[in-house]
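Now for the letters of each chain:
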Amino acid sequence: PALSKGLPDWVRFGTGLRGVEHAVGAVTHPKSNDEIRSRALEGLTIIHASLLKLVSNPECPASQNNLFIGGFIVIRALNT
């Protein structure tokens, strides 16, 4: 979160949207399986909650951190 302090909103929210895109890709990929879908949906749930909190408080360190954690989980699902 310290590295993201003061970033423009478009960077934060763009990161979240990229996570959503990756989650959809992981869930809908023809070679996806239950484990991949489960991980992707877990990450997507975290991203969703974080984005909702960041709308009202863009500088919230916990929400920023959770956004990045959700994104990491989604990327791991996509690369499994």
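Conventions adopted
- Residues numbered from 1 in each chain as written.
- Predicted model: local features only at pLDDT ≥ 70, side-chain atom pairs only at ≥ 80, totals over all residues.
- Heavy atoms only, no water.
- Axes fitted to C-alpha atoms, helices over the stretch in contact; angles between N-to-C directions.
- Helix = DSSP H or I, 4+ residues; strand = E, 2+ residues; numbered from the N terminus.
- Parallel < 35°, antiparallel > 145°, perpendicular 65-115°, else oblique.
- Left-handed = near helix turned anticlockwise from the far one by under 90°.
- Contact = heavy atoms within 4.5 Å.
- Core = buried A, V, L, I, M, F, W, Y, C linked by side-chain atoms within 4.5 Å.
- Buried < 20%, exposed > 50% of the residue type's maximum accessible area, 1.4 Å probe, protein only.
- Nonpolar A, V, L, I, M, F, W, Y, C, P; charged D, E, K, R; others polar.
- pLDDT = per-residue confidence, 0-100.
- Expected span 1.5 Å × (residues − 1).
- Polar contact = N/O pair within 3.5 Å; in protein donor to acceptor, adjacent residues only side chain to side chain.

K.L.:
Go over the packing of helix α1 (residues 9-28) against helix α2 (residues 34-56), please, and point to the residues and values.
P.N.:
For the pair α1 and α2, interaxial distance at closest approach is 9 Å and the crossing angle is 160°. Classed by the angle they form, the pair α1 and α2 counts as roughly antiparallel. The chirality of how α1 crosses α2 is left-handed. Contacts from Phe-13, Gly-16, Gly-19, Val-20, Ala-23, Ala-26 and Val-27 of α1 reach α2 at Ile-36, Arg-37, Ala-40, Leu-41, Leu-44, Ile-47, Leu-51, Leu-54 and Val-55.

K.L.:
Summarise the nonpolar core; cite the residues concerned and give the values.
P.N.:
Ala-23, Ile-47, Leu-51, Leu-54, Leu-67 and Val-74 form the largest nonpolar core, which has six residues in total. Only α2 and α3 (61-78) provide two or more residues apiece to this core. Per element, the largest residue contribution to this core is three residues, and it comes from α2. When neighbours within four sequence positions are excluded, Leu-67 is seen to be in contact with Arg-12, Gly-16, Ile-47, Ser-50, Leu-51 and Leu-54.

K.L.:
Can you break down the packing of α1 against α3 residue by residue, with the values?
P.N.:
Contact pair α1 / α3: the axes reach a minimum separation of 9 Å and the direction vectors enclose 25°. Here α1 is positioned roughly parallel relative to α3, judged by the angle of their axes. Judged by the sense of rotation from one axis to the other, the crossing of α1 with α3 is left-handed. Listed contacts from α3 to Arg-12, Thr-15, Gly-16, Gly-19, His-22, Ala-23, Gly-25 and Ala-26 of α1 are Gln-64, Leu-67, Phe-68, Val-74, Ile-75, Ala-77 and Leu-78. Looking at the contact of α1 with α3 residue by residue, the classes come out as eight nonpolar, six polar and one charged.

K.L.:
Provide a residue-level description of the confidence of the model for the protein chain, including the pertinent values.
P.N.:
Looking at the protein chain as a whole, its pLDDT mean stands at 90, while 99% of the residues score no less than 70. Per-element confidence in the protein chain is highest for α2, whose mean pLDDT is 95, and lowest for α1, whose mean pLDDT is 90.

K.L.:
With reference to specific residues and values, describe α2.
P.N.:
Taking 1.5 Å of rise per residue, 23 residues should cover 33 Å, and α2 covers 34 Å from first to last C-alpha, within 8% of that figure. Taken residue by residue, α2 has Ile-36, Ala-40, Gly-43, Ile-47, Ser-50, Leu-51 and Leu-54 as its buried positions. Looking at the buried positions of α2, the neighbouring elements they touch are α1 and α3. Regarding α2, its N-cap is Asn-33, as a side-chain oxygen of that residue lies 3.0 Å from the backbone nitrogen of Glu-35 further along.

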